[in-house]
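Reading the structure
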Amino acid sequence: FAIDDLYVDYLWALDTQHVVSVKAQIDGQEVASFPVNVPRPDVCAVYPMYSGCPAVGYAGKVPVSGLSSCPHLLRVVAVDTDGNSRVLGERVLTP
């Protein structure tokens, strides 16, 4: 891959239980974990009933240097205080 990192900036996650972390996985392996603690008053103005408001945002970087030149699956997963997880999104990374 020609880049070293993918930056995840100013995103948010909500659940009926407080979301404690968001994990990035590449091909099923966890490569990064982001605490959900960035203030997002804009999100909570629309969804005030969710646990964790206003600190429902997250940011960080996903390391991709060293990946082989074939396509890879990037998956972003939210984890709540009960240990439940939900896939927030998936993308195929191609060199």
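Described in the following lines is the structure provided in the data block. Keep in mind the model is a prediction, meaning the values are calculated, not measured.

Some thoughts on the pattern of salt bridges
Tallying each qualifying case throughout the model produces 4 salt bridges. For Lys23, the salt bridge is made with Glu30, and the minimal N-O distance between the two is 3.9 Å. Assessed through its relative accessible area of 21%, Lys23 is described here as partly exposed. With a relative accessible area of 46%, Glu30 lands in the partly exposed category. Glu90 serves as the salt-bridge partner of Arg75, at 2.6 Å between the closest nitrogen and oxygen.

Observations regarding the layout of surface pockets
When its volume is computed, the largest pocket comes out at roughly 210 Å³. Contributing to the lining of the largest pocket are Tyr7, Val8, Asp9, Leu11, Trp12, Tyr58, Leu74, Val76, Leu88, Gly89, Glu90 and Arg91. Residue assignment for the lining of the largest pocket shows that the elements contributing at least two residues are β1 (5–12), β5 (72–80) and β6 (85–93). When residues in the lining of the largest pocket are grouped by element, the largest group, 5 residues, is from β1. Its residues placed into classes, the lining of the largest pocket shows 8 nonpolar, 1 polar and 3 charged.

Reading guide: rules and limits
- Residues numbered from 1 in each chain as written.
- Predicted model: local features only at pLDDT ≥ 70, side-chain atom pairs only at ≥ 80, totals over all residues.
- Heavy atoms only, no water.
- Salt bridge = Lys/Arg side-chain N within 4 Å of Asp/Glu carboxyl O.
- Buried < 20%, exposed > 50% of the residue type's maximum accessible area, 1.4 Å probe, protein only.
- 1 Å grid on protein atoms, 1.4 Å probe; cavity = no way out; pocket = protein on both sides within 12 Å on 5 of 7 lines; lining within 4 Å.
- Points joined across faces, edges and corners; volume = space filled by probe spheres on them.
- Helix = DSSP H or I, 4+ residues; strand = E, 2+ residues; numbered from the N terminus.
- Nonpolar A, V, L, I, M, F, W, Y, C, P; charged D, E, K, R; others polar.

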